[in-house]
Each structure stands twice: as structure tokens, then as C-alpha cells.
Amino acid sequence: MSNYISPAEQYYTNGGVPPTDSNWGEYQYVVLADIVNQFIANYVGNDKMINNVKRNQVVFEAKQAIKLLNFDALRSVKAIELLVTSNLKLILPPDYVNYVRVSIEIDGQLRVLSEDRRTNTAVKYIQDNAGNVTFDVNGNIVTGISDLDKHRLGQYTGPGPYNGCMGWCIDGNWYFSYAIGGRFGMETSEANAGPMFRVNNGVIDFSSAMADRLVVLEYISDGMQNGDDTLVTVHQFAEEFVYRYIKWKLLSNKVGVNLYDKKLARDEKQAEFRNAKLRLSNLHPSRLLMSLRGQNKWIK
Amino acid sequence: MINNVRNTVLTILSKDNRGYLTPAEFNLLADQAQKEIFENYFYQYSTALAKQNARLHGSGYSDIPARIAEVIDLFMVPGEALVYDSLTDLFAAPTDYYKIESIIYDDVTEIDYVTKQEARMLNSAKMTKPNVTFPIYTLDGEGIRVYPDIIVADVSADYIRYPLAPKWTWVSLSGGEPVFDQSALDYQDFELPLSDENNLIIKILQYAGLTIREADIVQAAKSEEVQDKQEKN
């Protein structure tokens, strides 16, 4: 990957080497190796504020800056589509940091699911008859499937619209998660007609109606591309912020740098962060104009 | 330059019949003097940089660090291919290196020097684990260990070498004096620039004064050296 791809044929066809679309849109981004090299060439030296700094320190701080951008400014959302099987669990993707939306596919439409913040799962410690925790030969606690999960996996068969749905059966009465809040005096923050989910210990647990349904998980990552440094890139709008961030972090860790210089570097970093965020927010005058055109619209 | 230096040294030494240096003795002392002046360049460079950062040096002709760097760069060996030994997992370091400037992988990727302790930390950290994009190396006894260990070829070094040992060669005696022979195969002139001729003479005189036990020579040479330093600073 490179900023300047020539000749043009290389850009459009990647020289005929699959994947032929790998260079498309590449110009927007600067690769991590270029960021590091350019920083060392331009910010590190005997006549500069930063000297005697190792390359791996610059790499580390550059990655931290890119992570921070991904969390707070870029919000470049990844989306994956998966089928939820009868165990009602979905394993989180390897580069998952936090979810943005979890949606269910219904008739080709995506409907956003709500998080159930009340239901929890637990790791079950296997106990003997006396209630003592049991251990394996290595001295580790023996664990099993949580009874919470087992109960939830019960399938109701009987009259009514919930026939065939998974739910909790307590004292002979069946409870279905999507009924939460669906009655008088409901908790509005939980009001939801669809299935629900909860992120738990590396998986997303879904409520009973999600079995055999397609789910789309939109999530944010840290931009580290599963550890492949050749794929780590920064949008050009945020390039200057990354340099300023590295400069600030290196100066703030160095002995003998006066406080004024450290504060100045921090302020520069903050200013560049705001600039990057503004640029990346894609505020176009034409879009603003389109929105303003609706200002006189009558609302019935 | 070596013949001029030798002639000057002998002229000063033979004044008042203080003593005489054989060609072999002269070559030994010349090598010692050249190494000392060569090494001193690095300290001079450091001092000059500090002064430049304090705005005591200017640009152009008064850019002293650049002038010193030019001299040091005379001894730069670029792109020396390093040989990998699969038994020790080490690349052989150049035998004549004074300081390694950079180790390069695949002609473009600079390999970062770290201490052994840092290498352990980096190798055990997920985010900073060395890879072919950002490799690291440690100096390990007589060799260079590169991480990640899948790098076993295409590694080269830019380094500063020691100056070659000077050798004043002669072919025959004339009037009891050896006659200088520049065409001898083992002839080797000083590698320092011409501006160092005076320093070489002073240094060799110091050593010669010690050899022939002439305190006057040592003292005179030292005074000259101190005066020279004061003028430069």
C-alpha cells in the first residue's frame, strides 16, 4: 500500500493481481509504517525537541493514537452478518471492542435490538452434595453450564402465540424476554417488542426468539487489523493528530522536558484532535443546505 | 600525508639529538594517534551539537557539527550484507565496526536496536511484538540477533568502521635513512583529513616523547594540544 500509486493502471487493476480492487480509495489513507518513518524523520533529531527515542516507542504511541481515533473520532463501524443458532449465543469477532448496534433481519429489513441490562449469565461452579466447590486434578474449580442458560433454553410448547419459543419456565409459568416492560407501569427504557441481547464474557446472549434468525452486528474495532501492521492505516484528515499525539506522549515521558513544553504539546494534540474530528465528521455545506430546506415544512 | 607527518615528527625529535623513531615504531604510534583522534571526533560532535542547540554555532561555514559529521562519514560503510548463522541464530557483525548506524532488512525496513531486556518485553507484548514491518535487533556477544526470527536473510548494516592502520613503507636505505616508497602493496596513508595533520604530529610526538623518555617533548606537545583546543572552542 502506498499513498502514490502509479501508473493509474496499477491503481485500478492492481496490475491484474487479485484482489484487483485492493488499491481503490487507498489515497485517503496513510499506512502505519509511513507514519512512523515520517515522524522519526521530521520530529526526532539532535536539533529537535525529541531525540534519543527508539522506533518501537514511536510505533507504540502511533498505535495508541490510532486506537484513540477509532474509539472517539473515526467511528468506522464494521458490520458482520451471522446466524444465531439454538444455543442463542454469538461469539464476538476477534477485533471487537464494543458494539454499535445489533439488528435482527426481518423480511429483508434490519430492526435494531435492545440490550437487556437486567438479565445476566454466570459461570456455574459445580458443587458436591455438601455444597463444597469441587476441583479438578490441577486444582482448578470445575465449572459447568449456568442453570440460567439452561432455563432460558427451555422451549415452550402449548397454546398461544409463544408456541415453539424459547423462554424461562419458573414454577410452571413461562416467561419470555420480549415481554419485559410490555405492560402497565412499564420501564420505558426497556420497552421493546423484539428480542433482546446482552454482551457477556466474549459472547452475545440473545433472548429466546432469536434462534435460527439472522443477526447483523455492527461494532467498532481499534484499527489494529488483528495485529497485521501492514494493514493499519490512518485517514489523511487525522494524520497530523497522530504526529502530535506521538510528540506529546514522548515528551511527557521524557525527563528534563519543562512543563510548559509538555503542556504546549498536549494543547497542540487536542487542537489537532478537534480538527480531525471535524474533518472526519463529513460536514458538507450542501448537506446542511438540504437539511435547512426542511425548516419550513409543516409538521402535522 | 604520512610522509609529511613522519618527516615533521623526526625533525622535531632529532633536534638536540633527542632520539629517533624506526619505521616500525612510527607506524605503531601513528596507528595509536589516528585512533585516538578518530574517537575524539564523536565527543567533539556531541559537544558541537550541544553548542549548536544553544545557538553558539551557525550555518554554512560555522556549521561545526556538519563538518565533524563529514569527517565521521568518511568511515561509513553502507549496505554491508550480514551473513546468518543458522546454528546460533545470529547474523555475524562486521569485524571492523566502531559503531553500527543502522541495520536494514530487505533494503528498506530499518531494524530497531533494543537492549536484551527491552527485546524480552517487546516480544511478550501483543501490541508491540516485533514483526517484519517493525523488526528489532539486539547485540548478542559477537553477533546480531534479529526479531522476529523468521528474518534470516536480506539483512545489511550501515556502520562506522575503524580507520585502517597507517603504514609508512620504505624500499631501501640511503645514507643510513630509509627511503619512502608509496608504491608498496602494504602502504597505507592516514585516513583522517589533511586538517588533522597537525593533530597527528602532536599526538605522535606525545607518544614518542614517552617512548624515548623525553618529558620536554610530551610537555610541549600537550601544551600545543591544549592551545589548539582552546582556539577551536
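Note that the structure is a prediction, hence the values are computed from the model and not measured.

Engineer: Now, about the pattern of salt bridges: what can you tell me, with residues and values included?
Structural biologist: Residue and element names in this part refer to chain A. Per the stated rule, a full pass over the model turns up 17 salt bridges over all chains. Across the salt bridge formed by Arg244 and Glu240, the nearest N and O atoms sit 2.8 Å from each other. On the criterion of helical spacing, the pair formed by Arg244 and Glu240 is a turn pair, its members being 4 residues apart in helix α5 (residues 239-253). One network of salt bridges, with partners in common, ties together Glu240, Arg244, Lys247 and Glu268.

Engineer: Can you explain the sheet that holds strand β5 (residues 109-112) of chain A? Please cite residues and give values.
Structural biologist: In sheet architecture, strand pairing relies on hydrogen bonds along the backbone and comes in two forms, parallel and antiparallel. Residue and element names in this part refer to chain A. One open sheet accounts for 4 strands, arranged β2-β14-β4-β5; its pairing is antiparallel. Of all the strands in the sheet, just β2 (77-84) and β5 have a single pairing partner and so form its edges. Going from strand to strand, the sheet's axes swing by 30 degrees on average, the running direction of each strand aside. Where β2 and strand β14 (residues 213-220) come together, 8 bridges link them in antiparallel fashion. Counted as the bridge partner of Glu81 is Val216 from β14.

Engineer: Outline the nonpolar core, supporting the account with residue identities and numerical values.
Structural biologist: In this structure, A:Ile35, A:Phe39, A:Leu69, A:Phe241, A:Val242 and A:Ile246 are the most contacted members of the largest nonpolar core, which totals 35 residues. At the level of elements, α2 (32-43), α3 (55-74), α5 and α6 (259-280) of chain A are the ones that each hand at least two residues to this core. No other element matches the 8 residues that α5(A) contributes to this core. The next biggest cluster of nonpolar side chains, apart from the first, holds 31 residues, and it includes B:Phe26, B:Ile37, B:Ile68 and B:Phe190.

Engineer: How would you explain the confidence of the model for chain B if you had to name every residue and give the values?
Structural biologist: All names here are of chain B. On average, residues of chain B carry a pLDDT of 86, and 90% of them reach 70 or more. Taking the mean pLDDT of every element in chain B, the minimum, 68, falls on helix α6 (residues 215-232) and the maximum, 93, on strand β8 (residues 155-161). As a predicted assembly, this complex carries a pTM of 0.74 together with an ipTM value of 0.76.

Engineer: Give me the confidence of the model for chain A: which residues, what numbers.
Structural biologist: Summary statistics for chain A give a mean pLDDT of 82 and a share of 86% for residues scoring 70 or more. Summarising per-element confidence for chain A, the mean pLDDT is lowest in helix α4 (residues 147-152) of chain A (63) and highest in α5(A) (94).

Engineer: Lay out the pairing of strand β10 (residues 177-180) of chain B in plain terms, naming residues and giving numbers.
Structural biologist: All names here are of chain B. As judged from the 3 bridges shared by strand β9 (residues 170-174) and β10, these two strands associate in the antiparallel manner. Bridge pairing in β10 links Leu173 to Pro178. Counting the residues between successive antiparallel strands, the hairpin from β9 to β10 contains 2 residues, one of them, Gly175, with a positive phi of roughly 65 degrees.

Engineer: Any chance you could break down the sheet that holds strand β6 (residues 136-140) of chain B for me, citing the residues and the numbers?
Structural biologist: The sheet built from 8 strands is open, its strands ordered β1-β8-β4-β5-β6-β7-β3-β2 (chain B) with mixed pairing. Where the open sheet ends on each side, the last strands, each with one partner, are β1 (76-81) and β2 (84-85) of chain B.

Engineer: Residues and numbers for the interface of chain A and chain B, please.
Structural biologist: Contact with chain A, which involves 16 residues of that partner, is made by 15 residues of chain B. Summed over the three residues of chain A that lose the most area to chain B, namely A:Asn46, A:Lys54 and A:Arg55, the buried surface amounts to 42% of that side. Along the contact surface separating chain A from chain B lie 1 salt bridge. Counting only elements with at least two residues in the side of chain A that touches chain B, the list comes to α2 and α3 of chain A.

Engineer: Give me the lowdown on unusual backbone geometry, citing residues and values where you can.
Structural biologist: Between A:Pro18 and the following residue, A:Pro19, the backbone shows a cis peptide bond with an omega angle of -5 degrees. Tracing the backbone shows A:Pro19 in the loop between α1 (8-13) and β1 (29-31). The step from B:Tyr147 to B:Pro148 runs through a cis peptide bond, and the omega angle for that step is 0 degrees. By the element assignment, B:Pro148 lies in the loop between β7 (143-147) and β8. Positive phi, close to 50 degrees, is recorded for A:Asp107, a residue that is not glycine. Of note, A:Asp107 is situated in the loop between β4 (98-106) and β5. The backbone of B:Arg55 shows a phi angle near 60 degrees, a positive value even though the residue is not glycine. With respect to the secondary-structure elements, B:Arg55 resides in the loop between α2 (23-53) and α3 (64-73).

Engineer: Give a detailed account of the packing of aromatic side chains, specifying residues and quantitative values.
Structural biologist: All names here are of chain B. Applying the stated criterion across every chain yields a total of 19 aromatic pairs over all chains. With centroids separated by 6.2 Å and ring planes inclined at 50 degrees, the aromatic side chains of Phe38 and Tyr162 adopt a geometry described as tilted. Taken together, the residues span a long stretch of sequence, with Phe38 in helix α2 and Tyr162 in the loop between β8 and β9 at a distance of 124 residues. On the basis of an interplanar angle of 15 degrees and a centroid distance of 5.5 Å, the ring pair of Trp168 and Phe180 is categorised as stacked. A residue pair is termed long-range when its members are at least 10 positions apart, and Trp168 in the loop between β8 and β9 and Phe180 in strand β10 qualify at 12 residues. Residue class for Trp168 comes out buried when judged on its relative accessible area of 2%.

Engineer: Residue-level account of the packing of α2(B) against α3(B), with values.
Structural biologist: Residue and element names in this part refer to chain B. With their axes 8 Å apart at the nearest point, α2 and α3 run at an angle of 160 degrees to one another. By the angle class used here, α2 and α3 are roughly antiparallel. Relative to α3, α2 is oriented so that their crossing is left-handed. Contacts from Tyr41, Phe42, Gln44, Tyr45, Ala48, Leu49 and Gln52 in α2 reach Ile64, Pro65, Ile68, Ala69, Val71 and Ile72 in α3.

Conventions and cut-offs
Residues numbered from 1 in each chain as written. Chains lettered and ligands numbered in written order. Predicted model: local features only at pLDDT ≥ 70, side-chain atom pairs only at ≥ 80, totals over all residues. Heavy atoms only, no water. Salt bridge = Lys/Arg side-chain N within 4 Å of Asp/Glu carboxyl O. Helix = DSSP H or I, 4+ residues; strand = E, 2+ residues; numbered from the N terminus. Pairing = 2+ DSSP bridges. Axes fitted to C-alpha atoms, helices over the stretch in contact; angles between N-to-C directions. Core = buried A, V, L, I, M, F, W, Y, C linked by side-chain atoms within 4.5 Å. Buried < 20%, exposed > 50% of the residue type's maximum accessible area, 1.4 Å probe, protein only. pLDDT = per-residue confidence, 0-100. Contact = heavy atoms within 4.5 Å. Buried area = accessible area lost by both parts, 1.4 Å probe. Phe/Tyr/Trp six-rings, centres within 6.5 Å; stacked < 30°, edge-to-face > 60°. Parallel < 35°, antiparallel > 145°, perpendicular 65-115°, else oblique. Left-handed = near helix turned anticlockwise from the far one by under 90°.

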